[in-house]
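Chain residues, written in single-letter form:
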Amino acid sequence: MVEASIVMPIIILTAMLLLRLFVFYLDILASSVRLHKQALKAWDEYSSSAISEYSESEERHLLAGGMLGSNLSKTIRAELFMCNEDALVRLGELFEK
């Protein structure tokens, strides 16, 4: 019985850590999808004829606790070069003539 009283808390803490890590990576995935949608929305609304750069970043943290000895963090970046494709096609047609 002494062995169970030592091993069971370690198993429970390890299972809790795995759940926390799973939720942390799902949060990273959700943040990545949100940044990607924001970048695509900015590209759709872009109407200038020049090429512009879009850059956005978020940082996610998982604080230490339980069996996790240090804090985890992840920086998520979305970078995009925006251009008005219609203007570029028309400009190309102008040079062909």
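Residues numbered from 1 in each chain as written. Predicted model: local features only at pLDDT ≥ 70, side-chain atom pairs only at ≥ 80, totals over all residues. Heavy atoms only, no water.

> Give me the overall build of the chain: which residues, what numbers.
Scanning the chain from N- to C-terminus turns up two helices and two strands. Helices (α) and strands (β) of the chain occur, in sequence order from the N terminus, as α-β-β-α. Relative to the 2.2 N^0.38 estimate, which gives 13 Å for 97 residues, the radius of gyration of the chain is 24 Å and therefore markedly larger than a compact globule would have. The C-alpha extent of the chain, read off along each of the three principal axes, is 90 × 20 × 15 Å. Taking all 97 residues of the chain together, the buried fraction comes to 19%. (Helix = DSSP H or I, 4+ residues; strand = E, 2+ residues; numbered from the N terminus. Rg over C-alpha atoms; globule rule 2.2 N^0.38 Å. Buried < 20%, exposed > 50% of the residue type's maximum accessible area, 1.4 Å probe, protein only.)

> A description of the environment of Thr 75 should follow, citing residues and the corresponding values.
Tracing the sequence through the fold places Thr 75 in strand β2 (residues 72-82). The sequence separation of Thr 75 and Tyr 25 amounts to 50 residues, and the corresponding C-alpha distance is 12 Å. Contacts of Thr 75, omitting those with residues within four sequence positions, involve Glu 58 and Glu 59. (Contact = heavy atoms within 4.5 Å.)

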